[in-house]
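Listed below are the residues making up each chain.
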Amino acid sequence: MSRVAHPAGPRHGDVLPADHPPTPPADLNALHPAIWPRGAQRVGGVLTLGGIDVRDLAARFGTPALIMDETDVRSRARDYVDAFGEDAQVYYASKAFCSRAVLRWVTEEGLGVDVCTGGELAVALSAGVDPALITLHGNNKLPAEIEQAVTAGGGHIVVDSYEEIARLAYLADVLGKRPRVLVRVTTGVEAHTHEFMATAHDDQKFGFSLASGAADEAVRRVLALPGLEFAGLHSHIGSQIFDTGGFEVAARRVLELAGRIHLEHGVHVTELDLGGGFGIAYVPEDDAPEVKTIAAGLRSIVASQSLALGIPVPRLTIEPGRGIVGPSTVTLYEVGTIKDVDGIRTYVSVDGGMSDNVRTALYDASYTCVLASRSSTAPPMLSRVVGRHCESGDIVVRHCYLPSDLAPGDLLAVAATGAYCRSLASNYNHLPRPGVVAVADGSAREIVRRETMDDLLRLDVG
Ligand SMILES: *Cc1c(COP(=O)(O)O)cnc(C)c1O
């Protein structure tokens, strides 16, 4: 399993030494096509998203706001479906950003939905997602969550511990259901952006280790329980991975287990779930692999290795989260103060911060930002975009170049904030969490309402 234990990061290449900022881009107004939503453009110098002027979006919905391009989300969902083909199934990992509208869009494009908690499951069911297309993950699912999922029925439950196998069998018996089970396997693949390596010991909390034989034993236990239907194997090696080799090594190892299961039990693994983790570009230097390339590599390995092992080719499943919603969304902020710190750099304070994007503070993640409410030909100014929280680590964009005529009241847009920003948002310093606004074809609507101070005060019942 990956050393990258957290869904949202970290990855090599994210940290730039403070004395080595990137060089200024040739054109401060340019929108790098790999980083911005597919429909983003400048019209008369002003950034438009889904055909709407960001000044109008800010006036109508306030700032900070996450602006999500529906067309972009749908097109990326279709990219995965097209690349992996008819016989595969793509699940959207809803923890990246979980809302009913987004779950409806992706299921309309043919995706299933991954959930890790009863909360995400409740959103999926209330969005009308077919329970047969919902997979429940988690290393410590509560009995009530297992019950909720088994009762909804049809989908997969990914078992992650021996206790859970027993617990699931007991609950399934009580409920009179026979859930389809995937066994989560820890492959020992250590996934990085630029390298991967095999580790003998898998020192993290998820799954059953292949190396120790725990994965074989978990499959034995599931098969011994007639109340459970063994459907297949699951592996998820990490997140924001650029090197497709890591996925391929993991696929090979899980297929070897499928071969052993066939030999030992005469049972076919019908589902092979290779997880998510496909990296996206946050900054121009990021060279994210194309979905087509990842798909072609995985499909050919699954086909050739199944043939070599003499087992039927299992159905391939993947679970992208970031790759579906990450690039679709731009966070709009209003500039409040601009402080030049002794010729080192300029600190640009915006009206949000680590409460709406904690990835920079937590992982030294890199982001791209531009002046959005107008274009400018002023010379570049080395900047750091910071929030309004009482932490010096409250940084949104560590290094960027902004035009030197930047002024309070200007709007800044930070790109690729669709995944793990709103879902990791907090109310630190009692800031209401921003809303999420969907844009498409010139119209805009809130899909997650902006919180108000009343929302926060209502919780304070002391
Ligand atoms: C987080 C997670 C994903 C999605 O990861 P991304 O990096 O967002 O693609 C998929 N599967 C599982 C089991 C996960 O925990």
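On a predicted model such as this, the values are computed, not experimentally measured, just so you know.

Some details on the pattern of salt bridges
Applying the stated criterion across every chain, the model contains 22 salt bridges. The salt bridge partner of arginine 220 is glutamate 264, with a shortest N-O separation of 2.7 Å. Taken together, the residues span a long stretch of sequence, with arginine 220 in helix H7 (residues 214–223) and glutamate 264 in helix H8 (residues 244–265) at a distance of 44 residues. Classification of arginine 220 by relative accessible area gives partly exposed; the value is 33%. A relative accessible area of 42% places glutamate 264 in the partly exposed class.

Re the environment of glutamate 256
Here glutamate 256 is to be found in helix H8. In the structure, glutamate 256 is positioned 50 residues away from serine 306 in sequence and 8.8 Å away in space, judged by C-alpha atoms. Sequence-distant contacts of glutamate 256, defined by excluding residues within four places in its chain, comprise Gln305 and Leu309.

Observations concerning the site of the ligand
Within the structure, the ligand sits among 15 residues, and Lys95, Ser239, Glu319, Arg322 and Tyr420 are positioned closest to it. Contact between the ligand and glycine 277: an oxygen atom at 2.8 Å from a main-chain N or O atom of the residue. Glycine 321 places a polar main-chain atom, nitrogen or oxygen, 2.9 Å from an oxygen atom of the ligand. Considering the ligand on its own, with 390 Å² of exposed area, one finds that the protein chains cover 95% of that surface.

Points about the environment of asparagine 140
As for its placement among the helices and strands, asparagine 140 is situated in the loop between strand E7 (134–136) and helix H5 (143–152). Distance in space between the C-alpha atoms of asparagine 140 and aspartate 160 is 7.9 Å, their sequence separation being 20 residues. Ignoring any residue separated from it by four or fewer positions in sequence, one finds asparagine 140 in contact with Glu145 and Arg167.

Describing unusual backbone geometry
Look at the link from threonine 63 to proline 64: it is a cis peptide, with omega at -10 degrees. Checked against the element boundaries, proline 64 lands in the loop between helix H1 (54–61) and strand E4 (65–69). One non-glycine residue, glutamine 240, adopts positive backbone phi at about 55 degrees. Positionally, glutamine 240 belongs in the loop between strand E13 (229–234) and H8.

Things to note about the domain arrangement of the chain
Segmentation of the chain into domains returns domain 1 (41–69 + 327–457) and domain 2 (137–320). The partner domain 2 presents five residues to the six residues of domain 1 that form the contact. Counting the surface lost from both domain 1 and domain 2, the interface buries some 530 Å², and carbon and sulfur atoms represent 59% of this. When the area that domain 1 buries against domain 2 is broken down by residue, the three leading residues are Ser366, Thr368 and Ala416, summing to 53%. The interface formed by domain 1 and domain 2 holds zero salt bridges in total. Viewed at the interface, domain 2 and domain 1 are joined by one residue pair in polar contact (both at pLDDT 80 or more).

Looking at the packing of aromatic side chains
Remark: the centre distance and the inter-plane angle together describe each pair of aromatic rings, the angle taken between the planes. Applying the stated criterion to the full structure yields four aromatic pairs. Judged by centre distance (5.8 Å) and plane angle (35 degrees), the rings of tyrosine 80 and phenylalanine 278 are tilted. Taken together, the residues span a long stretch of sequence, with tyrosine 80 in helix H2 (residues 70–84) and phenylalanine 278 in the loop between strand E14 (271–273) and helix H9 (291–309) at a distance of 198 residues. By relative accessible area, which is 3% here, tyrosine 80 ends up buried.

Some thoughts on the sheet that holds strand E3 (residues 52–53)
Strands sit in the order E1-E2-E3 across an open sheet of three strands; the sheet is antiparallel. With partners counted over all chains shown, the strands left at the sheet margins are strand E1 (41–43) and E3, one partner each. The pairing of strand E2 (residues 46–49) with E3 spans two bridges and is antiparallel. Looking at the pairing, leucine 49 lines up with isoleucine 52 of E3.

Rules behind the numbers
- Residue indices begin from 1 for each chain and proceed along its sequence in written order.
- In keeping with the predicted nature of the model, local features appear solely for residues at pLDDT of at least 70, side-chain atom pairs appear and are counted solely at 80 or more, and the whole-chain, interface and lining totals rest on all residues.
- Side-chain measures were taken over the full set of non-hydrogen atoms in the model, leaving aside hydrogen atoms and water.
- Salt bridges are defined by distance alone: a side-chain nitrogen of Lys or Arg within 4 Å of a carboxyl oxygen of Asp or Glu.
- For the purposes of this entry, the term helix denotes a DSSP run of H or I that reaches at least four residues, the term strand denotes a run of E that reaches at least two, and both are numbered from the N terminus.
- Each residue is placed in one exposure class: buried if its accessible area under a 1.4 Å probe, protein chains only, is under 20% of its type's maximum, exposed if it is over 50%, and partly exposed if it falls in between.
- Any two residues having at least one pair of non-hydrogen atoms within 4.5 Å are treated as being in contact.
- We define proximity as follows: a residue is near a molecule or strand when any one of its heavy atoms falls within 4 Å of that partner.
- Distance and chemistry together define a polar contact, namely a pair of N or O atoms within 3.5 Å, with one atom able to donate a hydrogen and the other to accept it when in protein, and with adjacent residues in sequence counting only for side-chain atoms on both sides.
- Areas reported here follow the Shrake-Rupley algorithm with a probe of radius 1.4 Å; residue values treat only the protein chains shown as occluding.
- Note that the domain bounds were set by an automatic or database domain assignment.
- Buried area: the sum, over both parts, of the accessible surface (1.4 Å probe) that disappears when the two are put together.
- Only the six-membered ring of Trp is used, alongside the rings of Phe and Tyr, when aromatic pairs are assigned; centres must lie within 6.5 Å, and planes under 30 degrees apart are stacked while those over 60 apart are edge-to-face, with the rest tilted.
- Any two strands between which DSSP finds at least two bridges are classified as paired.

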